[in-house]
Amino acid sequence: MTELKTFSMKRMAFALSLLCLVPAVAQAEYPEKPIELIVGFSAGGGTDVMARTTVPYIEKYLGNGAQIVVKNVPGASGQIGVTQVAHSDPDGYTLGTYNLPGMMARTLDRKADYDADSFTFLANIVNDPNVIVTSKESGLDTLDKFLDAAKTDPKSLSVGMSSLGGDDHFALIKLGSLIGQDLTIIPFKGSAPTRTALMGGHVPVAILNISEVSGFEDQMNILGIARNERSDFAPDLPTFKEQGLDLVNGSMRGIVAPAGLPEDVKAKLLAAFEKAVVDPDFLKSMKETANPVEPHIGDDFKATNADALEWAKKVWTTSPWK
């Protein structure tokens, strides 16, 4: 009887030891199920293209049969999607796209249920400069013609853009300050609808990003690019500075997770991003979609976010063109 009791106790102890091992094994095997990547904008826009181009390479370097499912949650200039991310479980199975300066600007111009401390900053992927584009029917095929029209009758010159408070809007604020005119803003639910409206002649002018006009060059006039130097993706396109307009602006686009991510999961994701952004096939894919890669990983991305918040405060709170 004593031997039987001793045997039963040994079996119980062995079973308990196995149970103690389960959490460690489960963590080591992350990811064990599909990861959801929330894109806060419509399909076909610059943020969506960045995300979908990046996903296969994050899957590759996460290993363990990783699967990332993209879910578009457009609305409120990306605020709905990023808020969902901020309030998701910090287990590594919900990630989200994150745009600068837009995501920080949302905390300045409206009530936001998140702040900079709501996220684990994984990686910024691109820095996509703005362009001013006009419809073929507008007759505004040069920057000078556009500026003359903007100064002569600004209220009748509607300018389409993807969202209020985003990089397009900041570019327009800067432009208005430079020319001393308040232009009429027509916000759309993403860059793809903005581009469609422009090509359909519903708005004569739009603010977009260089990646968002790639492949559509013959269907619109591209007046210039908001960089200090010309872009490798459009070497024949002059900067606004070259044309006498000191306009530099763009959209940084990356990926975050909720704050409080377990350290081992965070380390695995950061390692995957570090490898992905230098992968030759990834760089080739980004070049094909005219996405200018500018990686900032982990703490570097967090510091970039802090800089963007200070920059957004300066531009947004002091400008009359809001």
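By convention here, each chain's residues receive numbers from 1 onward along its written sequence. It should be noted that, the model being predicted, local features are given only for residues of pLDDT at least 70 and side-chain atom pairs only at 80 or more, the latter also being counted only at that level, while totals for whole chains, interfaces and linings use all residues. Each side-chain value is derived from all of the structure's non-hydrogen atoms; neither hydrogens nor water enter the calculation.

1. A look at the pattern of salt bridges
One speaks of a salt bridge when a side-chain nitrogen belonging to Lys or Arg is within 4 Å of a carboxyl oxygen belonging to Asp or Glu. Counted according to the given criterion, the structure contains 9 salt bridges. In this structure, the salt-bridge partner of lysine 111 is aspartate 113, at a minimum N-O distance of 2.7 Å. The closest approach of N and O atoms between arginine 253 and glutamate 212, which form a salt bridge, is 3.3 Å. Taken together, the residues span a long stretch of sequence, with arginine 253 in strand β9 (residues 250-258) and glutamate 212 in helix α8 (residues 210-213) at a distance of 41 residues. Relative accessible area serves as the criterion here: at 1%, arginine 253 is assigned to the buried category. Note on classification: 1.4 Å probe, protein chains only; a residue is buried when its accessible area is under 20% of the maximum for its type, exposed when over 50%, partly exposed between these limits. The class of glutamate 212 is buried, set by a relative accessible area of 4%. Each of Asp128, Glu212 and Arg253 takes part in one network of salt bridges that share partners. Per the convention used, a helix needs a DSSP run of H or I reaching at least four residues, while a strand needs a run of E reaching at least two, with both numbered from the N terminus.

2. A closer look at the packing of aromatic side chains
Note on aromatic contacts: the rings of Phe and Tyr and the six-membered ring of Trp form a pair at centre separations within 6.5 Å, being stacked when their planes are under 30 degrees apart, edge-to-face when over 60 apart, and tilted otherwise. Inspection of every chain in the model, using the stated rule, returns 8 aromatic pairs. Seen in terms of ring centroids, tyrosine 98 and phenylalanine 121 are 5.4 Å apart; in terms of plane orientation they differ by 90 degrees. Their pairing is edge-to-face. Placement of tyrosine 98 in strand β3 (residues 94-100) and of phenylalanine 121 in strand β4 (residues 119-134) is noted, with a sequence separation of 23 residues between them. Tyrosine 98 gets classed as buried once you look at its relative accessible area, which sits at 0%. Residue classification places phenylalanine 121 among the buried positions, given a relative accessible area of 4%.

3. Remarks on helix α10 (residues 280-288)
Listing the buried residues of α10 in full gives Phe282, Ser285 and Met286. The buried side chains of α10 occupy one side of the element, clustering within an arc of 100 degrees when seen end-on. Exposed side of α10, more than 90 degrees from the buried face: Pro280, Lys284, Lys287 and Glu288 are the residues found there. Any two residues whose heavy atoms approach within 4.5 Å are treated as being in contact. Tucked into the core, α10 has its buried residues touching α2 (46-62), β4, α9 (263-276) and β10 (293-297). N-capping of α10 is provided by aspartate 279, with a side-chain oxygen placed 2.8 Å from the backbone N of aspartate 281. The positive-phi residue at the C-terminal boundary of α10 is alanine 290, with phi of around 55 degrees. Of all possible arcs, the one meant is that of the directions from the helix axis to the C-beta atoms. Polar contacts, as used here, are pairs of N or O atoms within 3.5 Å; protein pairs need one atom able to donate a hydrogen and one able to accept it. Residues neighboring in sequence count only if both atoms are side-chain atoms.

4. Some thoughts on the nonpolar core
Counting residues in hydrophobic clusters, the biggest one holds 32 residues, and the most contacted among them are Leu37, Leu62, Leu95, Leu122, Ile125, Leu269 and Phe273. In this view, isoleucine 125 contacts Met50, Thr54, Arg253, Gly254, Phe273, Val277, Phe282, Met286, Pro292, Val293, Glu294 and Pro295; residues no more than four positions away in its chain are not counted. Grouping buried Ala, Val, Leu, Ile, Met, Phe, Trp, Tyr and Cys residues that are joined through side-chain atoms within 4.5 Å yields what is termed a nonpolar core. Core analysis: the second largest hydrophobic core is formed by 21 residues, Phe146, Ala226, Leu245 and Leu247 among them.

5. Some thoughts on α9
Given a helix with a known number of residues, its expected span is that number minus one, times 1.5 Å. The terminal C-alpha atoms of α9, which comprises 14 residues, lie 20 Å apart, in line with the 20 Å expected from a rise of 1.5 Å per residue. Among the residues of α9, Val265, Leu269, Leu270, Ala272, Phe273 and Ala276 are the ones counted as buried. In a view along the axis of α9, the buried residues occupy a sector of 160 degrees, so they form one face of it.

6. Notes on the side chain of asparagine 221
Checked against the element boundaries, asparagine 221 lands in strand β8 (residues 221-225). A distance of 3.5 Å separates a polar atom in the side chain of asparagine 221 from a polar atom in the side chain of lysine 136. If sequence neighbours within four positions are ignored, asparagine 221 has contacts with Ile132, Val133, Thr134, Ser135, Lys136, Ser138, Leu140 and Asp141.

7. Quick look at the side chain of threonine 83
Mapped onto the fold, threonine 83 is located in helix α3 (residues 79-86). Residues contacting threonine 83, with those up to four places away along its chain left out, are Asp113 and Tyr114.

8. Concerning the pairing of β4
Counting buried positions over the 16 residues of β4 gives 15, a clear majority of the element. Across 9 bridges, β4 lies against β9 in antiparallel orientation. Within β9, the position partnered with threonine 120 by the bridge is alanine 257. Here β4 runs beside β10; their pairing, made up of 3 bridges, is antiparallel. Within β10, the residue paired with valine 126 across the bridge is valine 293. Looking at chain direction, β4 and strand β7 (residues 205-209) are connected through 5 bridges and run antiparallel. The residue bridging isoleucine 132 from the neighbouring strand is isoleucine 207, located in β7. By this definition, two strands are paired if DSSP reports at least two bridges between them. Across 4 bridges, the pairing between β4 and β8 is antiparallel. The residue bridging valine 131 from the neighbouring strand is isoleucine 225, located in β8.

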